[in-house]
Amino acid sequence: MITFNTTTKTFHLSNKQISYIMQLDENKHLVHLYFAKKIHITDDDNNQLLFGHLDYQYFKGDRLVNSYKAKEYGSYGTGDFREPAFVIRQENGSKISDFSYVSHEVYQGKKSIEPLPALYVEEEQEAETLAITLHDSLTDTDLILYYTIYRDYPVIARRVEFIHQGKEPIHIERVMSMQLDLADSDYEFIHFSGAWGREKQIVSSKLRWGNQSIASTKGVSSAEHNPSFILKRPDTTEDAGEAYGFAFVYSGNFLCEADVSTFNQCRVNVGIHPVNFSWKLCAGEQFVSPEAIVMYSDTGLTPMSHNFHRLFTHRLCRSQYRNTDRPILLNNWEATEMTFDEEKIMSIAQKAKEAGAELFVLDDGWFGTRNDETQGLGDWFANTTKLPSGISGLSEKVAELGIGFGLWFEPEMVNKNSQLYKSHPDYLLQTENRHGHSFRYQYVLDFSRDDVVNYIYQQMKAIISTAKINYIKWDMNRYLTEVYNVTLPPDEQGKVFHKYMLGVYSLYQRLTQEFPDILFESCSSGGARFDAGLLYYAPQTWASDNTDANDRVAIQYANSFFYPICSHGAHVSAVPNQQTTRTTDIQTRANIAYFGAFGYELDLNELSKEEFEVVQQQIAFYKENRTVFQYGTYYRLVSPFENNVGSFMTVAPDGSKAFAVYYQRLYKPNTEFINLKLKGLEAETKYQVSLLGVDKTYYGDYLMNAGISFNSSHIARNGGDFTALLVEVTRIEL
Ligand code: GLA
């Protein structure tokens, strides 16, 4: 998969689908030649790719060629005026560097960078890694660029390491995990942006001269911008055309930018945001960047999403649950918030069991003096006034019902009204002599400190190891402010944001290793940390605090571009919806929540008898079909961002079954017919299609090309506005 031509000094990483080519120039600098569909190159070819067949000689020599050259990892200050991949500062203040090629190594497989999350291999032959060592002699620093190519995916995983040997320290002030110089800029930049309660709206704009970026400086990847984006050709669709998908395997501050020169070259950078980042390296020390990955597709966006789903499910998630059926859970948050006692909780759990649910999750409010938002965070021991038998007793009682027990934690946070704060006021992130900003009365613990992480680990471990816990919801409900570590010297404060993330990952690593049977779900006020980084440790994420079916259609649709369906936590909640006050039918709510890790977020005791029976049927139905929903091949059919309707579907791994949801926002009377064209079926196979209680038989090619025909009035008869229909498609076995 990886070759080096010693005559042309060209590296070629390729599999059946892609080629990634780079070359050493006359100064032993690494120039980028090509990354797209698989090609072959001769000894002459590579120069053509660089500057055009005839102009190459012209650009040689002492001209300022740096600003035209496509770089693998561009430096600052020597004539390349685009956004650099990295900046290192010497003690004398100089930021100039000159890293040139020293050696390279190719090895089978891929090394772990834990606690940092990264793609992995299960067998060495699945992937090959190229490590190219560059050296800056003035500072005596090595820079190693890592590239992994997988045999079966059109993907390249990249990261870098700096290893410093010089006597004087250096300071890394910017470090991208990936730089990719594309030869032209005829792309649309698609990203997933929003805010709390309206995460991941799809935003698309044509690239233009200048810099376009998405970023977070909030200490978490954030609800505002997800660290994933697509560059696609203007005519690329779901089913055809070229696209690159970029994902940063990291959950903290990030920068994803496309810097387009007035020569229409496009430089892509993906890495830790340089704001308030500075990493001092002394002799013998090393800095390891997070990983960034880029997927190529020349067959449209749907195959790209399929590759991300497969890759993330099988080679990013580490949990034993990564490809097993996820339990149907009931979470008490929207039912009780923090006002409950053991009797109330048991009545909710008991009813969940009667409905057929498999796991009961006790959310916020079970610990310390946590009776409202102002207190208790940080005190991870049971509130025995509310729960006299503690978490261990409660978990036993839930286990006796015959269902699993899950527990909510917010490990990174503290209220000032807590025992933790009283005994360790120095554990906060705080800037000396400055006001510390709270949010929801809570402050952020300084997870850049090992002692703080260790303290929380001990507290969590004490609860987890003395109770029957099958699931943990790890929440994180505010962004970071006053980021300063009171134990670090001034010239190491630029490390704190990143060290904080390392602390979070290391706690995840310890807990997931020690308690491998626990299913972790990450959450950050809903989807503010729904990123590839956390998927490594927590195979599912609470997609949004907004559980309104109307809004979830869009959020789940957008999530599907990168994240596998089994990773979206999706629950049916009570109506009117807590966030939007909208009322939707209970079947509509379920029809959308089925396309995820399904559950409920309400007190089933409060449903009518009829509604409760509907819930029992929904759970029985989901148990029978959940593999199709969670691990089927997923297709986006109609975008809810551009239409009054939204539709998506999933086809069982063995092709025997498919489900499509068709959601209509507002009912308009007497409209034209809809032809819903399905995808992913076998053309010449017959299927039975069940819709609104009517069964008919069609060939797969009919369903995919002519479509299922119905109109808005059919939907209106089943609820009018805000109605989702489920289409069940069953292969007729001969
Ligand atoms: C966040 C989560 C909710 C719930 C509350 C509890 O908002 O997203 O699901 O757990 O915290 O405080």
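Residues numbered from 1 in each chain as written. Predicted model: local features only at pLDDT ≥ 70, side-chain atom pairs only at ≥ 80, totals over all residues. Heavy atoms only, no water.

(A) Molecular detail of the overall build of the chain. The helix and strand tally for the chain stands at 15 helices and 38 strands. At 27 Å, the chain has a C-alpha radius of gyration in line with the 27 Å of a compact globule built from 734 residues. With the C-alpha coordinates of the chain rotated into their principal frame, the extents come out at 85 × 70 × 45 Å. Put simply, the chain has 734 residues, and 62% of those count as buried. Pairs at least 24 residues apart make up 70% of the contacts formed inside the chain by residues separated by at least 6 positions. (Helix = DSSP H or I, 4+ residues; strand = E, 2+ residues; numbered from the N terminus. Rg over C-alpha atoms; globule rule 2.2 N^0.38 Å. Buried < 20%, exposed > 50% of the residue type's maximum accessible area, 1.4 Å probe, protein only. Contact = heavy atoms within 4.5 Å.)

(B) Representation of the site of the ligand in the model. Around the ligand sit 13 residues, and of these D363, D364, R440, K473 and D545 come closest. Contact between the ligand and G526: an oxygen atom at 3.1 Å from a main-chain N or O atom of the residue. Within the side chain of W542, a nitrogen or oxygen atom sits 3.5 Å from an oxygen atom of the ligand. In the complex, the protein chains occlude 95% of the 310 Å² of accessible area that the ligand would expose alone. Applying the majority rule of atoms within 2 Å of the grid points places the ligand in the largest pocket. Classifying every residue of the shell around the ligand by side-chain character gives 4 nonpolar, 3 polar and 6 charged. (Near = heavy atom within 4 Å. Polar contact = N/O pair within 3.5 Å; in protein donor to acceptor, adjacent residues only side chain to side chain. Areas by Shrake-Rupley, 256 points an atom, 1.4 Å probe, with all protein chains shown as cover. 1 Å grid on protein atoms, 1.4 Å probe; cavity = no way out; pocket = protein on both sides within 12 Å on 5 of 7 lines; lining within 4 Å. Sits in = over half its atoms within 2 Å of the grid points. Nonpolar A, V, L, I, M, F, W, Y, C, P; charged D, E, K, R; others polar.)

(C) Representation of the pairing of strand β10 (residues 170–182). For β10, a buried count of 13 out of 13 residues is recorded, marking the element as mostly surrounded by other parts of the structure. In the sheet, strand β5 (residues 86–90) pairs with β10 via 5 bridges, with the strands oriented antiparallel. When the sheet's bridge partners are listed, I88 is paired in β10 with I172. Direction of pairing for β10 relative to strand β17 (residues 266–271): antiparallel, over a ladder of 6 bridges. Paired with M178 across the two strands is V270, which belongs to β17. (Pairing = 2+ DSSP bridges.)

(D) Structural context of the layout of surface pockets. Taken as a whole, the largest pocket holds about 520 Å³ of empty space. Lining of the largest pocket is provided by 26 residues; of these, W196, R440, N477, S525 and D545 occupy positions nearest its centre. (Points joined across faces, edges and corners; volume = space filled by probe spheres on them.)

(E) The arrangement of the sheet that holds strand β22 (residues 359–362) in detail. Spatially, 8 strands are ordered β21-β22-β23-β26-β27-β28-β29-β30 in a closed barrel, and the strand pairing comes out parallel. Pairwise comparison of adjacent strand axes, ignoring direction, gives a mean angle of 30 degrees for this sheet. As paired elements, strand β27 (residues 519–522) and strand β28 (residues 540–542) share 2 bridges and run parallel to each other. By the bridge assignment for β28, S522 is matched with T541. (Axes fitted to C-alpha atoms, helices over the stretch in contact; angles between N-to-C directions.)

(F) Quick look at the environment of D451. Of note, D451 is situated in helix α8 (residues 450–464). Once the C-alpha coordinates of D451 and Y427 are considered, the two residues, 24 residues apart in sequence, prove to be 8.9 Å apart. In terms of polar contacts, D451 uses its side chain to reach the side chain of R449, at 2.8 Å.

(G) Expanded view of unusual backbone geometry. Of the consecutive residues E114 and P115, the connecting peptide bond is found in the cis state with omega at 10 degrees. With respect to the helices, strands and loops of the structure, P115 is situated in the loop between β6 (100–108) and β7 (127–136). Omega for the bond connecting V575 with P576 falls within 30 degrees of zero, at -10 degrees, which places this linkage in the cis form. On the secondary structure map, P576 appears in the loop between β29 (568–573) and α12 (586–593). Of note in the backbone geometry, K9 takes a positive phi value of approximately 60 degrees without being a glycine. Not every positive phi belongs to a glycine, and R440 is a case in point at roughly 55 degrees. Looking at the secondary structure, you find R440 in the loop between α7 (419–423) and β25 (442–444).

(H) Quick peek at helix α6 (residues 390–401). For α6, built from 12 residues, the straight-helix expectation of 16 Å at 1.5 Å per residue is met to within 8% by its first-to-last C-alpha distance of 17 Å. Among the residues of α6, G390, I391, G393, L394, S395, V398 and L401 are the ones counted as buried. If you follow the buried residues of α6, they end up packed against α5 (342–355), β22, β23 (404–409) and α8. (Expected span 1.5 Å × (residues − 1).)

(I) Broad picture of the packing of helix α11 (residues 549–559) against α12. Between α11 and α12, the least distance of the axes is 9 Å, while the angle of their chain directions is 10 degrees. As judged from the angle between their axes, α11 and α12 are roughly parallel. Listed contacts from α12 to A549, R552, V553 and Q556 of α11 are T588, R589 and I592. Class assignment for the residues of the contact of α11 with α12 results in 3 nonpolar, 2 polar and 2 charged. (Parallel < 35°, antiparallel > 145°, perpendicular 65-115°, else oblique.)

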